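Each chain, letter by letter, is given below.
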Amino acid sequence: MALLETGKYSQGSVPGSVNPDLANERQTASFSVEKLTAWLDGGAERTRLRRAVVDAIESDPVFSRENQYFQSQNERYEAAVRKAVHLQKKMHEMGWSEDGPEFKYIYRAVAGDVAFLLHRIFMRSISMLGSDEQVAKWIPLASQYQLIGSYAQTELGHGTYLQGLETTAVFDVTTQEFILNTPKISAMKWWPGDMGRSATHTVVFAQLYIHGKCYGIHPFIVQIRSLQDHSLCPGIIAGDIGPKMNFEHIDNGYLMLQSVRVPRENMLNKFCEVQPDGTYVRRGSQKINYFTMTSVRISLISGEAIPPLMKACTIAIRYSAVRRQSKLKPGEQEAKILDYQTQQEKLLPQLAAAYAFHFIDDYLQELFDRGYREIQRKNFDTLPELHALSSGFKALVTQYCTSGVEICLRACGGHGYSLLSGLPSLYTKIIASCIYEGENTVLLLQTARFLIKCFMAASTGQSVPPSVTYLAAAKPGKCPAKNKLDFLRPDIYTEAYQHAAVRLISSTAAKLQDLIQSGVKKHDAWNRCTVQLVQAAKVSKIYLLIWFFSL
Ligand SMILES: CCCCCCCCCCCCC/C=C/C(=O)SCCNC(=O)CCNC(=O)[C@H](O)C(C)(C)COP(=O)(O)OP(=O)(O)OC[C@H]1O[C@@H](n2cnc3c(N)ncnc32)[C@H](O)[C@@H]1OP(=O)(O)O
Ligand SMILES: Cc1cc2nc3c(=O)[nH]c(=O)nc-3n(C[C@H](O)[C@H](O)[C@H](O)COP(=O)(O)OP(=O)(O)OC[C@H]3O[C@@H](n4cnc5c(N)ncnc54)[C@H](O)[C@@H]3O)c2cc1C
């Protein structure tokens, strides 16, 4: 994550030589860049590994991005497929693995260029929701790219409201099959990545029906293209949804199913099963079929949100060290724009946020891994908290990083608006992370729902999950800060944010209760509080971020 590693841009000197202004900034740094880099990477050995991985990828001509801004969508896609195939060979040659420490660096180096991103989410769905037999059958095929997977949940008519999904899967007890259908145009799967041209299989989320009764959303593995000639299977209509703001290298597609039959064994059945006689068995939480999303919401923070902010900060701060514009002091040469207070006010908070998010990311992943181990032992107690944390932080981090990248772009003036600066594509890519894997407002409301429940529990002395024990803490007293400099003290600003979080949650809970007690229907009262609820959810996550950063 070394934000200040060498750069080559030169204003006013021989192209390619080290820019004197940049060299000067580095020489006057008040800290050791090498030591900070090692600390951020988790040790000197990890820095060595990261640099080795990045060098191996960046020096490989197949991964060159030289012409990417001059390619058509089709050329971007075909280049992405070539890179994805080459990456598998390179990983094999280099002895790299998707489970190794190097994968995070590989992902960050190539995620914006290679196809089959959703293939990994297809695999993750099977690993998390599939039985041991299903994992044993499908994961080896997927790992060897003997099939290409996708994740087909969103429909033309519904992305957020999963209970409203209209694709159906009816169990046929006589043939021991599920019959999948797209009953109407609004039920057409729309957006799934890799669906447009690449995927041979997909996990389809459909309403399960047995003997006329609906059991809700369940995941089904469906083959959509032939493994012989890649033609569409019978009953399958699929294609590309067309041009997008970014992700031109990914073939987001559409899918319609017309009486497509799959064997009973194709419903992912680790936690929910349909027995041969049609008996439905659920082992665990009603929402366990949403677990892939919970997992990806955590993964995408480190994979898709923080790196673009890091890159944008590096580009904009480096540019601000070498761009000279206007005179700060009459009679002197034009000033580095980094010397303007306004430029520092724009960029330095984004840099600070990149560091703060970097540290919270490890904490979230550790929380998730611990919760996942419990769920594998069929203990679902941590699921609600995991859902609330993953939703809240996915929303907060993607939203902040998107705004941060946009600020960095604008801080570079006209050159920031050039595709060749790298900033516009960082922005048009990261903004999607506020929408996919759960649109941010909706996720913040999920977090708020959990916070209100915990606040009410804490108010009656009941125990609450670890991440919200601050709600049960003694009511915050008068802020101990005596003057504005006190707010630079971690203990004081942490307490101030805790105070803000508790105040917002308690006042929103009170407003909700007053409305209901005044006779307003519960759903109306909730809707009338949603703006405040979103604020409360955001501030609660900012408090946790600051608390963790101050440790
Ligand atoms: C290493 C490589 C891996 C990948 C690395 C990076 C990733 C790369 C990403 C780049 C590509 C992008 C790909 C994008 C893919 C997608 O976008 S997939 C589709 C994503 N879609 C969504 O996220 C849908 C959002 N909507 C929902 O999740 C739900 O509809 C809802 C909003 C949560 C509402 O659900 P609903 O069933 O209506 O529940 P409610 O009535 O609101 O609540 C009932 C209770 O259920 C609890 N709950 C809800 N969701 C979960 C969950 N996920 N886990 C656990 N519990 C959940 C909720 O809290 C309620 O609980 P109670 O309050 O106790 O009743
Ligand atoms: C780049 C990209 C890749 C994607 N890849 C995939 C994929 O691989 N597989 C897949 O299945 N899907 C994928 N998606 C789809 C994505 O998951 C959905 O777009 C997302 O879940 C939002 O749903 P929607 O588009 O229907 O928007 P809507 O849900 O219609 O949201 C529109 C607006 O309504 C508001 N809204 C909705 N419900 C509520 C509520 N209850 N309270 C308050 N406000 C509300 C939202 O806040 C938002 O402002 C992808 C999307 C993008 C952009």
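The rules behind each value
Residues numbered from 1 in each chain as written. Chains lettered and ligands numbered in written order. Predicted model: local features only at pLDDT ≥ 70, side-chain atom pairs only at ≥ 80, totals over all residues. Heavy atoms only, no water. UniProt positions renumbered as here; feature names shortened; annotations may be inferred. pLDDT = per-residue confidence, 0-100. Contact = heavy atoms within 4.5 Å. Patch = residues over 30% accessible without salt bridge, like charges linked within 9 Å, V, L, I, M, F, W, Y side chains within 5 Å. Areas by Shrake-Rupley, 256 points an atom, 1.4 Å probe, with all protein chains shown as cover. Salt bridge = Lys/Arg side-chain N within 4 Å of Asp/Glu carboxyl O. Lys, Arg positive; Asp, Glu negative; His and termini not counted. Charge placed at Lys NZ, Arg CZ, Asp CG, Glu CD. Helix = DSSP H or I, 4+ residues; strand = E, 2+ residues; numbered from the N terminus. Expected span 1.5 Å × (residues − 1). Buried < 20%, exposed > 50% of the residue type's maximum accessible area, 1.4 Å probe, protein only. Near = heavy atom within 4 Å. Polar contact = N/O pair within 3.5 Å; in protein donor to acceptor, adjacent residues only side chain to side chain. Nonpolar A, V, L, I, M, F, W, Y, C, P; charged D, E, K, R; others polar. Domains from an automatic or database assignment. Pairing = 2+ DSSP bridges.

As annotated in an unreviewed UniProt entry, the protein carries the name Acyl-CoA oxidase 2 and comes from Calidris pygmaea. Quoted verbatim from the Sequence similarities (unreviewed entry) field of UniProt, the annotation for the protein is "Belongs to the acyl-CoA oxidase family." In its Subcellular location (unreviewed entry) section, UniProt records this for the protein: "Peroxisome".

On to the confidence of the model for the protein. Scored by pLDDT, the protein has a mean of 93; 96% of the residues are at 70 or more. Of the regions scoring below 50 in pLDDT, residues 1-12 engages in 37 contacts with residues more than four places distant in sequence or in other chains.

Residues K287, R449, K453 and K522 make up a contiguous surface patch of positive charge. The residue K287 is located in the loop between β11 (280-282) and α8 (291-322) in this model.

Let's shift gears to helix α4 (residues 73-94). Compared with an ideal rise of 1.5 Å per residue, which puts 22 residues at 32 Å, α4 spans 31 Å between its outermost C-alpha atoms and is within 8% of the ideal. Of all the residues in α4, the buried ones are R76, Y77, A79, A80, K83, A84, H86, L87, K90 and M91. On its buried face, α4 sits against α3 (44-58), α5 (103-110) and α6 (117-129). G95 lies just past α4 and shows a positive phi near 70°.

UniProt tags E437 as "active site" (unreviewed entry). Mapped onto the elements of the fold, E437 is located in the loop between α12 (423-430) and α13 (440-459). When sequence neighbours within four positions are dropped, the list of residues in contact with E437 reads I121, M293, V296, R297, L300, K394 and L443.

Here we come to the site of ligand 2. Around ligand 2 sit 20 residues in total, of which Y151, T154, T160, G193 and E439 are the nearest. Between an oxygen atom of ligand 2 and a main-chain N or O atom of Q153, the distance comes to 3.1 Å. A distance of 2.7 Å separates a nitrogen atom of ligand 2 from a polar atom in the side chain of T154. When the free accessible area of ligand 2 is taken as 980 Å², the share hidden by the protein chains comes to 63%. Split by residue class, the shell around ligand 2 holds ten nonpolar, eight polar and two charged. Viewed by domain, the shell around ligand 2 spans two of them, domain 1 (148-283) and domain 2 (287-438), each represented by three or more residues.

Remember that side chains alternate between the two faces of the sheet whenever the strand is regular. Burial along strand β9 (residues 260-263) is one-sided: V260 and V262 are buried, and none of R261 and P263, which face the opposite way, are. Judged from the four bridges that link them, strand β3 (residues 177-181) and β9 form a sheet pairing that is antiparallel. Note that in β9 the partner of I179 across the bridge is R261.

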